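Letter by letter, the chains look like this.
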Amino acid sequence: PSALRPRCFADQRLYKWKPLYSRSDRDNLPKADLELVTTVASHAWADGTLGTYGSGLLLFHSYCDSRAIPESARAPASADLLAGFLATAAGNYAGKTLENYFAGVRAWHILHGVPWLPNRDECDALLRAATSLQPKSSHKKKRQPYLIETIEHILAHLDLSTPFDAAVASCLTAAFYSCARIGEVTVKSLQTFNSRIHVKPSNVREERNSNGLSMTVFAIPVTKANPDGEDVYFAAHPGISDPVALFQNHRRINNPPHDSHLFAYKHGKALRPLTKPAFIARLHKASRAAGIDPLQGHGIRIGSTLFYLLRGTPFDVVRTIGRWSSDAFLLYLRKHAQIMAPYMQANPDLHADFIRISMPPIR
């Protein structure tokens, strides 16, 4: 227990837990301005990131408590203290988890205006060692991609005439063909729908190019990567997984108001936003009914990426559709030999295209 670290949720620790000395002890600005700096700076990280960093901050202070490190020595943390923290945690956590926790300690220093004093080379070496030493239980099972066949099997076990299943089917296919994140088209819980940040019927538009090709566009107000929002879009596809037909079916059955959640569905006399847990649970139930193993939600985005790549869509186009950062995008290329096969043949044009995509830019 410490007056500097009040009880709070993990995503609040970064700014509610105070170091013994911070910018307020050396600056002459009014206290209100200094607090404003901290409040504004806290928005530099997404809510999910704040929660992860808060867990890392708890681990850091637990380590300091166990070693009787005084408050004055915790911020700024010395290079030796940070190295000791990493070395003690190595082997107990997944390497990526420990890397995020360490980033949380760094963010805490930055947020409160405290110098960050690690030995970068030493810490990098310890983080690499942590990956080598991570327990086997920390290795996650590879996320399997949703395939068109998977989606068709799931759709066959949904009743598209009922409000909930109509919303689930539309959300699934719209997310797949637009390569959207599931969190961008669903809400966390029934109470968390926010018209300022979640996609609504009023955010939908149709666009048509000069050749008459039509696209359905969702203008998502806020995304994980862009607080100013991004567009996701899809076109009609033949077969039972046609996202346009299923979206029209959802709107006909549920008719969500323009300011409600886009995939809201009728539930009794009320309208419910489609939550991610309800969406995933329904997919899992339909998967089991179809005799296939339930897949993770992120497999939809992975499967969408593979779908476009395997049908010969250029790398840059797929990256644009999915709004991928280059590193994340290339991770998928390395994992799937089928995608790489055309680029490993005796074809200099394809070789040149792949080199252009995969090589780091000249600085």
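Residues numbered from 1 in each chain as written. Predicted model: local features only at pLDDT ≥ 70, side-chain atom pairs only at ≥ 80, totals over all residues. Heavy atoms only, no water.

Per an unreviewed UniProt entry, the protein chain carries the name Tyr recombinase domain-containing protein and comes from Favolaschia claudopus.

K.L.:
Sorry if this is basic, but what is going on with unusual backbone geometry here?
P.N.:
Glycine aside, residues mostly have negative phi angles, and peptide bonds mostly take the trans form. Put simply, alanine 75 and proline 76 share a cis peptide bond, and its omega is 5°. Mapped onto the secondary structure, proline 76 falls in the loop between α3 (47–66) and α4 (79–89). Despite not being glycine, alanine 68 shows a phi value in the positive range, around 55°. Looking at the secondary structure, you find alanine 68 in the loop between α3 and α4. Taking the relative accessible area as the measure of exposure, alanine 68 reaches 65% and is therefore exposed. (Helix = DSSP H or I, 4+ residues; strand = E, 2+ residues; numbered from the N terminus. Buried < 20%, exposed > 50% of the residue type's maximum accessible area, 1.4 Å probe, protein only.)

K.L.:
In this structure, what is going on with the pairing of strand β2 (residues 214–220)? I would like to understand it.
P.N.:
A regular strand carries its side chains on alternate faces of the sheet. When strand β1 (residues 204–208) meets β2, the two strands line up antiparallel, connected through 5 bridges. The residue of β2 that forms the bridge with arginine 208 is serine 214. Turn length for the β1-β2 hairpin, with the two strands adjacent in sequence and antiparallel, is 5 residues, and the turn residue glycine 212 shows positive phi of about 85°. Relative to strand β3 (residues 230–234), β2 is paired through 5 bridges, and the arrangement is antiparallel. Its bridge partner being in β3, valine 217 is matched across the sheet by tyrosine 233. (Pairing = 2+ DSSP bridges.)

K.L.:
I keep staring at the pattern of salt bridges and nothing clicks. Help me out?
P.N.:
As a working rule, side chains carrying opposite charge can pair if their charged atoms are close by. Within this structure, the stated rule accounts for 8 salt bridges. Put simply, aspartate 65 and arginine 74 hold a salt bridge, and the shortest N to O gap is 2.7 Å. Classification of aspartate 65 by relative accessible area gives partly exposed; the value is 46%. Residue arginine 74 is classed as buried on the basis of its relative accessible area, which comes to 4%. Arginine 282 serves as the salt-bridge partner of aspartate 165, at 2.8 Å between the closest nitrogen and oxygen. (Salt bridge = Lys/Arg side-chain N within 4 Å of Asp/Glu carboxyl O.)

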